[in-house]
Structures are given as structure tokens and as C-alpha cells.
Amino acid sequence: MDSMAAKEQFRRRSHSDRVPSDSHHGRIDDDHQHHPPPMKKAKQEPGVPGCFVPSAFLAPLPQRMVLPQSSEAPQRGRVSSGSSNSNRKKETVVSGGGGGGRKEEGSIAKVDDSISPVARGCRQFWRAGDYDDPNGIVPAAHSSGVGLDHVRVHPKFLHSNATSHKWALGAFAELLDNAVDEIVHGATYINVDLLKNPKDGSKMLLVEDNGGGMTPNNIRQCMSLGYSVKSKSSNTIGQYGNGFKTSTMRLGSDAIVFTRCPAADGQSETRSIGLLSYTFLRSTKKEDTVVPMIDFMQTGQGWQPLTRSTPADWNMNLRTVLLWSPFVSEEDLIGQFDYMGSKGTRIIIYNLWEDDEGKLELDFEADQEDIQIRGANRDEKNIEMAKQYPNSKHFLTYRHSLRSYAAILYLKLPTEFRITLRGSEVEHHDIVKDMIEPKKITYKPQQLADGVVNNNEVSAVLNIGFVKDARHHIDVQGFNVYHKNRLIKPFWRVWNAAGSDGRGVIGVLEANFIEPAHDKQGFERTTLLLRLEARLKDYQKQFWTSKCHEIGYAQRVKPKNTTPSSSSKKASNSIISKSSPSPSIQDGKILPLNGPNQKSKLSSLKHSERASPEEEEGTVKHSSIALRDEVSCESKGEGKFSLLQSLAEERAKSKQLEMELGEQTKLLEVVEKEAQTSMNKIQAITEKIQHEKEWRDAVEQILRESLKSAEQTIARLKERVRQLEEGQMVDGSGSS
């Protein structure tokens, strides 16, 4: 009822400002337009329709802007105001941001009729930054204004600012973050869906939540650049005041926001609508970022327009929103609040970006329950592998699938919160559940960025392990690094080893001690990050080298032999190596101890041995044995060293054979497992054939019994027919 009353009030309010009946009562209808000959455009005075939202929510601009009303009749299908036969020039004074302005006596606000609402510029995102349009309109002269100087934000900045998102799914993540931050205000869901533009039938994105909504002041702060009420010390994800603008402008050139804020602190319930339209700014050649906004307030008489300056300014913003939004009438525009509950925000992004081939950058057709992206991020080979290896699905598909990416985007989510994508709930996924041989490691950074130790955030627990599909030796590896519950670095690959080293190792870490970049797709390249990267690389190497043999790779670290004989042999060898000169090694061969230099070393060694009486008895004994061996080596010549050389070669061969044996053993295990799998399949097939044979035999038996029964029935029927024929013959002979 409130919605119907509000619609009726809006119709009465704007009745005096509507165009004549041949303009369809202010609706935008291009399907049946009969365009009149081009009209000569009236000279445009300095001024910009709409409201300014300067950088960082600056105060309203103080200068007065005059909007002339053309004496020409408005074209059909265009939103206009005033009487078409009026020849009197009327002026409207509008303030930047829609506040603090005043309307001259008897004036009527008017949207520039020379601007087409269907003007479209470049549809490729990476080329849309070219603001010059040869078919566009000459920009209006800028008035320098009076009073203090202020910062101007050119509409080009909306595009250049959005280029921080090189990956389209990163823009979706920003919008999901805003809804997750609203959990503290009662949000229980966020819905991402596909809509159809009622004006041209094109595809639109819908992102809505049932959070706390925004007041009229809050939505202006949301539309401003760099303004954020989220504290950096709190657990909220957003903190830069830039996510909404960059994300919406990265996905499409235009966005319209509907928000409803419940009554609180003595304030009435409000509704607000804001239009952030790059198409509008480009087509009208604006030199400042103009964001039309309208507000409503709940009163005893229903929903009433909430004016921040004058009613004419409010009507002008309404008509601008209708002209450049997807909605053809006030009823359709206001009716969007009917889809919302008592609070929340509804964002519609339209004029979605296209790729170089003229197709939408977002793919809605590949999966009816998903939104995917085309281009280099989509790998058909990975998509097929994901079907074969389900435990590695998120690693293989998160680059192109919003459903896969959203499932791992948050480390934890409240059980009552739901993410719905195209009518189907996104199931939250914990990467730790995909691990085998898991291990927990506590990481403590040496020093924080500001040198201050915070006991709550200076350590982090790393979960590391092999992915369950690692036994198939697929190249899946990397660390999911989160910050305040939000995924910043998905499957961060820190060890780029040659060959197969490192494969299958995955990890999860929440690093709250490092600040993320503005696009939240990476961290600031600080000393803390470099230390973390080096430590994660070491953790992966240690884990891989110690456990790779458990998933079918050759063992990288030989286990230590702790038998007594080997221990005593190692001790003896170490003593000999310290007390006796080492044989010369050249080209891998051991050379004999001969020549004056070697003999002098031996004699000096004997002298030093005699000059060390305080050595322990065991050490002296082993040294004496070593000296006797070396002296005998002098008499035997090269015989002993040839034996040593052969021994070294045999040891190398033995080590090589052990490695080959280990590899063959692992290979044999793999073959045995495959054989066992094949046998299981054969057994299953055999059982299936047996079951089918039994079923066929049973069916055959039933058919045989049915056939026998049919034969008996036929025999009985034949007998009955014979009896009837005989009876007829008897009756015929009797009657004759």
C-alpha cells in the first residue's frame, strides 16, 4: 500500500512538469519514435544538470549554475518538462551535490533535450578510457565558481580507477565484501543474478543484500571517492572507500543503486536511488562526475520526496535517472523497492562490457547456475581435468568461474549467511578438507611494518598438506593466503622448481599482519611479505622432500641408518679423515699418496700425533690404526688406492641402484594399484554380466511359461471350437 501511495503522489507531483500526451507521459519509448527533423540546439549556458558528488564527499559546490530552457518543442520519447509552446526563457539554479541551491521564482528544471539516452560509446572496457567522442556533444564551458578552490573529479577517473581490477571476478569479490561487512547489521544473504533490460533487452547484473541499507548521507558517501566509514582496526574487509566504484565500473559502464534504511535514532525510514553512469557522463561530455540522486522519507501520509534543495531540483534528478536508467517509467523505478524487504541494498549494473569479438566479457550461457568469464583465464583443459579430479576443482576453475571463486573467497562464513548465484546457493568450501598428510605450522613474523608488536596478529597458523589428487601427479600447488577472513592470494605459487618438485602441496594461511593492495588481489610488496614468501617456500620444500615418496615420487631424502656397525664405522671414518691426509682426487679418481709432499705430510702427522699426549685414549688408538694403514700404504704402493677407488665406484653404483630400486618399487606399486583397479572393474563388469544373465534367464523362464500357458489356452480354444462345430452339425442333422 505504501508503494501505491508513493506512486500516486509522484504522479501528482510531476504532473505539471510532464510533456504533452504525444510524448507518452514522460516514458522513454524508442520503439515507436518518429524523429522530427534535427532541431537547432540552443546555446548552452555554463551548467550541469544533476548533482555533484566530489572527491571524498566534499561540501556542495558554491557556484550557481544556470540551465536554460530551449524554446524548441521537445522530441518524442525524450524526458522533458514545461510547456512546449512556452517562448519565455526560464532559469534554474542548481548547487553541486543537490544541496544548498535555490530555484528562481517561477522557474522549471529541465533535462537537456539534445542528449540521447541511447548514446553508446566504446563497449570494450580497456578502450573505454578514450573520453573524446567525435559524435558527442561539445562540453559546456566550466564556471570557476566563487569562494574556496575545490578538487574536481573528471569522469575519466571512473574508468582509470576501475582498471585496478585486471580480473573481472575481483570486481565481483568487492561487491560480495560489502554484503559480508553487513552481517553485523543483520544481513543473511547476498543474491547475484541476471536480469533483462526492459528498454533494449540486454543483460544486466543484479547484486542485492538484506543488510542495514544506507541513509541519504551514506549513499552519497558510497558514491564518493575515497570515503569509508569502516574502521581499519575492525574486522570489516572494506576500508579504502573505493570498492563500489571500481567494481561496478569494471563490470559495466552504468550502475543504479536502490537502498532502504529502517528508522533508527529518531530518524524516519528512508529510500534512496543513485545513478552512477559512465554512459551519461561520456554522452553529455561532462567535465565533472555528476551523480543524480533522489530520496524518499516515510511520513504519516506515506512516502514523500525528501528534497535537499528545491522540488524542481528533485524532479530534475528524477527525470535524469529515468532518462539514463533501464526503467521506462516512475512506476517501474519505484517498483524496485517492492523486491526488497524492510532494509537492504539493490544494485543493478547494465551496459556490460564486451570483449574484442563483440561478445559480453561475462559468459552466462556456459553454466546456467554460474557466471564465467571468457578469454585467457578460461582453460578448457583445466575444465576437463576438474571433472576428473574433483578435489582439485577449485584450483583448476577459480580463474574463470565465479561460483568456484566465491566458494573459497572467505575462510569462514556464519552458518546463517548465504551466497546465492543465479538461483542456486554457493557452497562454502574449506581447502583444508582437500588435504592428506596435513600439518600445522605456526609462523611468527620477525617485525611488523610499523615496528609495534600486536599479540593478537603477530602469528599465524599455516595448514599444509598434499591435495588428495596429488597421487595422480597433476601440477596443483600453492598457498591460499587470507587477510581478515578474505582471500587475497589464491593458490600463491612460491616455489617454481624445475621438474615435478613441489607438486601437490597446498596450504592455507590467514596473514593479518600484512596489508592488502587496494584491489585486494595481492599484498603490498613489503619486507614482511618477502620474508613470508621465503618462509613459505622453505616450508613447501621441507614438506615435499620429506613426504613426496608417500604420493608416488622418488624419495628425495635418504633415511638415516642407526645400526651400531654403521655408527662405529662413521666415527672411525671421521677420526681418520681428521688425522690423516686425504688422497688426491682428480676427474673422479683417487690418486695414491706418493711424492715428497705427501710423505712430508705423513711425517708431520706422525710428529703431531706424538706431540698430543692429552688426547683421549680412544682417539689415539684410532689414530694409530689410521697411521699404520697409511704406512703400509706406502709399502704397498698403489694397490690400496685402487681398492679405495673401486670401493667409491661401487658405493656410487649401489646408491644409484637403490634410487632406481625405489623408483621401480613405487612404479610397481602404482602398476599394482592400477591392476587392482582393473581387476575391480573386471569383477564389477563380470558381476554385472552375471546379474544380467540371471535376469535374462528369469525373463526367458517367464516367457516360456507364458508361451506354454498360451499354447494350452489355444488348445482349449480349439477343442471348444471343435465341440461347437460338432454340436452345430448334430443340430443340423436332427432338424433335417
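The structure we're discussing is the one just above.
Residues numbered from 1 in each chain as written. Predicted model: local features only at pLDDT ≥ 70, side-chain atom pairs only at ≥ 80, totals over all residues. Heavy atoms only, no water.

Quick word on the overall build of the protein
Scanning the protein from N- to C-terminus turns up 16 helices and 20 strands. When burial is assessed residue by residue, the protein has 43% of its 736 residues classed as buried. As presented, the protein carries roughly 39500 Å² of accessible surface, and 52% of it is formed by carbon and sulfur atoms. (Helix = DSSP H or I, 4+ residues; strand = E, 2+ residues; numbered from the N terminus. Buried < 20%, exposed > 50% of the residue type's maximum accessible area, 1.4 Å probe, protein only. Areas by Shrake-Rupley, 256 points an atom, 1.4 Å probe, with all protein chains shown as cover.)

Some thoughts on the packing of aromatic side chains
As enumerated under the stated definition, the model contains 13 aromatic pairs in all. Here the aromatic rings of Trp 167 and Tyr 398 are separated by 6.1 Å at their centres, their planes lie at 90°, and the arrangement is edge-to-face. Of this pair, Trp 167 sits in the loop between helix H2 (156-162) and helix H3 (168-181) while Tyr 398 sits in the loop between helix H10 (393-397) and helix H11 (402-408); the two residues are 231 residues apart in sequence, bridging distant segments of the chain. Aromatic side chains Phe 395 and Phe 491 sit 5.1 Å apart centroid to centroid with 90° between the ring planes, which places their arrangement in the edge-to-face category. Of this pair, Phe 395 sits in helix H10 while Phe 491 sits in strand E17 (residues 486-492); the two residues are 96 residues apart in sequence, bridging distant segments of the chain. Here Phe 395 falls in the buried class, since its relative accessible area comes to 10%. Phe 491 sits in the buried class, given a relative accessible area of 8%. An aromatic cluster of three or more residues is present, and its members are Trp 167, Phe 395, Tyr 398, Tyr 405 and Phe 491. Sitting above the plane of the Phe 395 ring, Arg 399 keeps its charged end 5.5 Å from the centroid. (Phe/Tyr/Trp six-rings, centres within 6.5 Å; stacked < 30°, edge-to-face > 60°. Lys NZ or Arg CZ within 6 Å of the ring centre and 35° of its normal.)

Section: the sheet that holds strand E6 (residues 270-277)
Two modes of strand pairing occur in sheets, parallel and antiparallel, and in both the strands are linked by backbone hydrogen bonds. One open sheet holds the nine strands; their spatial order is E8-E7-E6-E5-E9-E4-E3-E12-E13, and the pairing between them is mixed. This sheet does not close on itself; its edge strands, each paired only once, are strand E8 (302-305) and strand E13 (424-425). Here seven bridges tie strand E3 (residues 189-196) to strand E4 (residues 203-209), and the two strands are oriented antiparallel to one another. Pairing of Asn 191 across the sheet is with Glu 208, part of E4. In the packing of helix H5 (residues 243-251) onto the sheet, the strands contacted are E4, strand E5 (252-261), E6 and strand E9 (344-352), and the crossing angle to E5 comes to about 135°. (Pairing = 2+ DSSP bridges. Contact = heavy atoms within 4.5 Å. Axes fitted to C-alpha atoms, helices over the stretch in contact; angles between N-to-C directions.)

Notes on the pattern of salt bridges
In the structure shown here, the tally under the stated rule is 19 salt bridges. For Arg 378, the salt bridge identified is with Glu 380, shortest N-O distance 3.0 Å. In this structure Arg 378 comes out as partly exposed when scored by relative accessible area, which is 24%. Owing to a relative accessible area of 45%, Glu 380 belongs among the partly exposed residues under this scheme. Measuring nitrogen to oxygen at the nearest pair gives 3.1 Å for the salt bridge that ties Arg 418 to Glu 425. Relative accessible area serves as the criterion here: at 34%, Arg 418 is assigned to the partly exposed category. Three or more residues are tied together by salt bridges with common partners; here these are Asp 475, Arg 493 and Arg 503. (Salt bridge = Lys/Arg side-chain N within 4 Å of Asp/Glu carboxyl O.)

Thoughts on the side chain of Asn 480
Mapped onto the fold, Asn 480 is located in strand E16 (residues 478-483). The contacts of Asn 480, once residues within four sequence positions are left out, are Ile 408, Ile 431, Leu 487, Lys 489, Pro 490, Phe 491, Gly 507, Val 508 and Leu 509.

Concerning unusual backbone geometry
A positive phi is found at Glu 437, a non-glycine position, where the angle reads about 55°. Here Glu 437 is to be found in strand E14 (residues 435-443). One non-glycine residue, Asn 485, lies in the positive phi region at around 80°. Relative to the assigned elements, Asn 485 resides in the loop between E16 and E17.

Digging into the environment of Cys 222
Mapped onto the elements of the fold, Cys 222 is located in helix H4 (residues 216-223). Between the C-alpha atom of Cys 222 and that of Gly 274, which follows or precedes it by 52 residues, the distance is 9.8 Å. Contact partners of Cys 222, with chain neighbours within four places excluded, come to Met 214, Phe 244 and Lys 245.

Overview of the nonpolar core
What tends to happen in soluble globular proteins is that the nonpolar side chains get buried as a cluster. Ranked by internal contacts, the top residues of the largest apolar core, which has 119 residues, are Ile 256 and Leu 333. The greatest single-element share of this core, amounting to nine residues, is contributed by H3. Residues contacting Ile 256, with those up to four places away along its chain left out, are Ile 273, Gly 274, Leu 275, Val 321, Ser 325, Phe 327, Leu 333, Arg 346, Ile 347, Ile 348 and Tyr 350. (Core = buried A, V, L, I, M, F, W, Y, C linked by side-chain atoms within 4.5 Å.)

Description of the sheet that holds E17
Strand order across the open sheet formed by five strands is E14-E15-E18-E16-E17, with mixed pairing between neighbours. On the outer flanks of this sheet lie E14 and E17, each paired with one strand and no other. Across this sheet, the average inter-strand angle for adjacent strands is 15°, counted without regard to direction. Where strand E15 (residues 460-467) and strand E18 (residues 505-510) come together, four bridges link them in antiparallel fashion. Among the inter-strand pairings, Phe 466 is bridged to a residue of E18, identified as Val 505.

A few points about the pairing of E8
Inspection of the sheet shows strand E7 (residues 293-299) paired to E8 by four bridges, in the antiparallel sense. Paired with Met 297 across the bridge in E8 is Gln 304. In sequence, E7 turns back onto E8 through a hairpin of two residues.

Side note on helix H12 (residues 527-547)
Taking 1.5 Å per residue, 21 residues should reach 30 Å; H12 reaches 30 Å between its end C-alpha atoms and fits that length. Looking only at H12, the buried set comprises Leu 528, Leu 529, Leu 532, Leu 536, Tyr 539, Gln 540, Phe 543 and Trp 544. Buried residues of H12 fall within an arc of 125° about the axis and therefore sit on the same side. In the core, the buried residues of H12 are packed alongside E14, E15, E16, E17 and E18. (Expected span 1.5 Å × (residues − 1). Arc of directions from axis to C-beta.)

Remarks on the packing of H3 against H5
Running from N to C, H3 and H5 point in directions that differ by 140°, and their axes come no closer than 8 Å. Classified by the interaxial angle, the pair formed by H3 and H5 is oblique. Of the two elements, H3 crosses H5, and the hand of that crossing is left-handed. Of the residues in H5, those touching H3 at Ala 168, Ala 171, Phe 172, Glu 174, Leu 175 and Asn 178 are Gly 243, Phe 244, Ser 247, Thr 248, Arg 250 and Leu 251. When its residues are assigned to classes, the contact of H3 with H5 shows six nonpolar, four polar and two charged. (Parallel < 35°, antiparallel > 145°, perpendicular 65-115°, else oblique. Left-handed = near helix turned anticlockwise from the far one by under 90°. Nonpolar A, V, L, I, M, F, W, Y, C, P; charged D, E, K, R; others polar.)

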